[in-house]
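The primary structure of each chain is shown beneath.
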Amino acid sequence: MPAIIIDGKEYRYEGEGRNLLEVCLSLGFAVPYFCWHPAMHAVGACRQCAVKVFTDETDTRGKIVMSCMTAAADGMRVAIHDPEVADFRARVIEWLMVNHPHDCAVCDEGGECHLQDMTVMTGHVSRRYRFDKRTYRNQELGPFVHHEMNRCIQCYRCVRFYRDYAGGRDLEVFGAHDHVYFGRFADGVLESPFSGNLVEVCPTGVFTDKVFKEQYARKWDLATAPSVCTLCGHGCNILPGARDGTLRRVRNRYHHAVNGYFICDRGRYGFQFVNSEFRVRTPLLRDGGTLRAASADEALARVRTVLAEGTVAGIGSPRASVEANYALRALVGAERFCHGLPEKEFTLLEALVALMRSARTPFPTLPEVERADAVIILGEDLANTAPRLELALRQAARIVPDELEAAALGVLPFDDAALRAATQGGTHPLFLAVTGATSLDAMATARCRAVPDELARLALAVAHRLDPSAPAVTDLGADAAALADRIADALRTAKRPLLICGASAGSPALIAAAGQLLRALDTAGTAPMLRVVAPACDSMGVALLGGISLEEAARADTLIILDSEQLSAAQVAGATHIICLDSLLTEIGERAEVVLPAATFAESGGTLVNSDGLAQRFFQVFVPEGDIRESWRWIAEILGQPWANLDALLAEIAAELPVFAPMREAAPPADYRLDGQKIPRQSPRCSGRTAMTAHVSVHEPVPPDDPDSPLAFSMEGASGQPPAPLVPRFWAPGWNSVQAVNTFQEEVGGPLREGVLCRVIVPAGSAPPAAPVPPAFVPREDALLILPAYHLFGSEPLSLLTPGIAALAPAPYLALHPADAARLGVTVGSMVTVTLGETALTLPVVPREDVPRGAGLLSVGLVETPDALPAWGAVRGGAHA
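In this text the structure is predicted, and so the values were computed from the model without any measurement.

## So, the overall build of the chain
Secondary structure assignment for the chain yields 25 helices and 35 strands. Taking 29 Å as the expected radius of gyration for a compact globule of 881 residues, we find that the chain reaches 28 Å, a close match to that expectation. If one aligns the C-alpha atoms of the chain with their principal axes, the spans along those axes are about 85 × 75 × 55 Å. Looking at the chain as a whole, 62% of its 881 residues qualify as buried. Within the chain, one finds 79 positive and 102 negative side-chain charges whose respective centroids are separated by 4 Å.

Structure below.
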């Protein structure tokens, strides 16, 4: 292990090819910086991270260098607190602050600003500049991000993230000399689905959270707790912040293996359903033909009466926690528990679990995905179904030399600009086998756009070329055969090949073909990596729980439903009695006999199993108003309180279903204490605790008890650093911004200290599912094969209750290939009627060259479809819209 001497004392550090700044920060030294970011590395733009380096022990003068641009080496002698270099850093920040408005008191970033932290750290406490300041006009950048350009210090972080890392093209740097402007060519909505990360990437208040601005509170006044995003299956870790009974904002919570430093805009801004006017906050009971408010006791009595009559089935939800689904299963019995999905959709989840268990190598973490050197994607438009995974693939596609290769090129392995110049935009092989255009098309080596069965045939052809014992596709077209050869060659020669497949295409044949390709890659000796994409936050959890199909459950006399938002009224129309445990009043809830107000993710705790098979715990952030309770707690009361707390429920789940046993290790139990105390959700500076409840009492209220976790609804408690699953906020002395996460990591950019990875689905090397070769697709004259088209903004219903997301969601549409549109006699804007089963949908036509001939792409979530897609649908031309 190499050693480095800092300010006269020797320290040992891990890792080769690291810069001095990373090493110093990892060792706990406070070195100020601006332009460097652990995910984007160094460019040396701000000159703030200066340190002094000495040639040997006889060198008394030394040389000032930028630590982010200097490689750490064994035996290096460094001074951080040398008076000359400290004065240099103070002068640098004085230059940067010359044109800054010094408006901290009214800046949304105040109190969590990296610029404030670095100013204090360098000792810059007064300003000498007394002349006119440079000023700019701010831009309107859409519903999520507020722009205040006068606060800019020209660190270039924003454009480096937006353009170089996330692939955006509408944010740029303009100007010259000291008149540098970061913005769009003209006002307009930021196009990147990761634009909200500018709020955290920017070290000042140039880019701030516009949604948070509408109900603003200072960081120290927010109650926060570790949580997990519930708006897709990836399971990004988040930090929701609440005050005065409302959820105010969501920020990224660093998790090395899952989401790193970034989350998508749906995960960041799609939380406003928690504060919705449509929330159910008190039990509702049907009297006559209307619902009325009732007490909890009255509602529970009615529920017990209803459940005693006729046949009963429980409908769970892939958007509810494992605990809530299991509790419902315990209430109605395993033989009457439904996973909440139609048989066709559940079959896809079962196939994904079987695919994962057929793997022989560990599932890759996010950093391992970013290091893949050949990728094939089967059937997934990742920007809209798993955006954080898409962002990782952008890094994987880019060729990044390792330390030896960088040395041969004459550049440092952490010098981002030099590496980009040396590689000239080169990319690793990236192959897309998808049903339409995707955001990765421009980076792709090659792509195949076809219906799912044709994609499965291509995957099987590739598998056969890698392993002749795999099923052969004898009637593959010449172009597809050539593409299969090309893909097989690239995957065979790769060191870290990655296969991505999911349920979005709705094709069991495609998942089975992925299994054959995975096994063929393994047979070829390439040690392939596998990532799957599941549709909902706990899809894998309900896949492991199992249950009867939605069609079978709907035949029961009485239905008790978790999260009826996921269902249509037609799916449960035959039930005599309906009991809903819902956070929102839905169409089904309006005809229910009893509606029990269920807590959202921010008002409850539990466990979710993400698409990678990781069990992750989320914790209650605040206590809601009204009679809102966790779904599992309502069920416990129906059953007569069988579980004292969440730990008791987890213990029963582990005993009843051993596959979930690792779930108990996802976080410390409720009786865990740090230095004998609970961990506070509020910061020590939290203010206004008495004022918020002054309308009730002028005395400070007693904090609510939390029997389910080691966290306290208070500012009092342990002040030390808790284990990673319990960290409610990232803060350290001198580090008030999001950059404080550096002090919680084992090393900068690495896992959090005392972090855990609890997998309930693990590679087992089992035989992959059988994969018969599907017949070649033959278009029909009387119908089109309707395929699902997903949208980050629009396909997830809860997030649509955020006004900004609703404004960015497209109108419902049917996309057709121009040849099919011409055959139907329709043009852009024409209305067509699509008949799926007994349901007819009237939609505008969008002709698109990327749509496979004989098929149509139907916007999912924006219009209710009676059948799981793909499905054949008759399409009839109509009038112009």
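Here the narrative resumes.
## Let's talk about the packing of aromatic side chains
The geometry of an aromatic ring pair is captured by two quantities: the separation of the ring centres and the angle between the planes. Applying the stated criterion to the full structure yields 17 aromatic pairs. Between the aromatic rings of Y129 and F131, the centroid separation amounts to 5.5 Å while the plane-to-plane angle is 70°, which identifies the pairing as edge-to-face. Summarising the aromatic geometry, the rings of F212 and Y216 are spaced 4.9 Å apart at their centres and angled 50° between planes, so their arrangement reads as tilted. We classify F212 as buried; its relative accessible area is 3%. Judged by relative accessible area, Y216 falls into the partly exposed class, the value being 27%. Geometry around W634 places R629 over its ring, the cationic atom sitting 4.3 Å from the centre. We note R681 situated over the ring of F713; from NZ or CZ to the ring centre the distance is 3.8 Å.

## Observations regarding the pairing of strand β14 (residues 284–287)
Side chains on a regular strand alternate between the two faces of the sheet. Pairing of β14 with strand β15 (residues 290–293) involves 4 bridges; the strand directions are antiparallel. Following the sheet pairing, D287 is matched in β15 by T290. Of the strand pairs in this sheet, β14 and strand β25 (residues 594–597) are connected by 2 bridges, and their pairing is antiparallel. The residue bridging L284 from the neighbouring strand is V595, located in β25.

## Points about the pattern of salt bridges
Here the structure, examined in full by the defined rule, presents 45 salt bridges. Put simply, D287, R292, E298, R302 and E593 are held in one network by salt bridges that share partners.

Scoring rules and cut-offs
Counting restarts for each chain, with residues numbered from 1 along the sequence as it is written. Local features in this predicted model are restricted to residues of pLDDT 70 or higher, and side-chain atom pairs are both shown and tallied only at a pLDDT of 80 or more, whereas totals for entire chains, interfaces and linings draw on every residue. With hydrogens and water excluded, all non-hydrogen atoms of the structure serve as input to the side-chain values. Going along the chain from the N terminus, every DSSP run of H or I of four or more residues is numbered as a helix, and every run of E of two or more is numbered as a strand. Note that the radius of gyration is over C-alpha atoms, with the globule rule given as 2.2 Å times the number of residues to the power 0.38. Each residue's exposure class comes from its accessible area (1.4 Å probe, protein chains only) as a fraction of the maximum for that residue type: buried when under 20%, exposed when over 50%, partly exposed otherwise. Positive charge is attributed to Lys and Arg, negative charge to Asp and Glu, and no charge count is given to His or to the chain ends. All charge positions are set by atom: Lys at NZ, Arg at CZ, Asp at CG, Glu at CD. Here a pair means two rings of Phe, Tyr or Trp (six-membered ring of Trp) with centres within 6.5 Å. Their orientation is stacked below 30 degrees between planes, edge-to-face above 60, and tilted elsewhere. Two thresholds decide whether a charge sits over a ring: the Lys NZ or Arg CZ must be within 6 Å of the ring centre and within 35 degrees of the ring normal. At least two bridges found by DSSP between two strands are what make those strands a pair. Salt bridge, as applied in this entry: a Lys or Arg side-chain nitrogen positioned within 4 Å of an Asp or Glu carboxyl oxygen.

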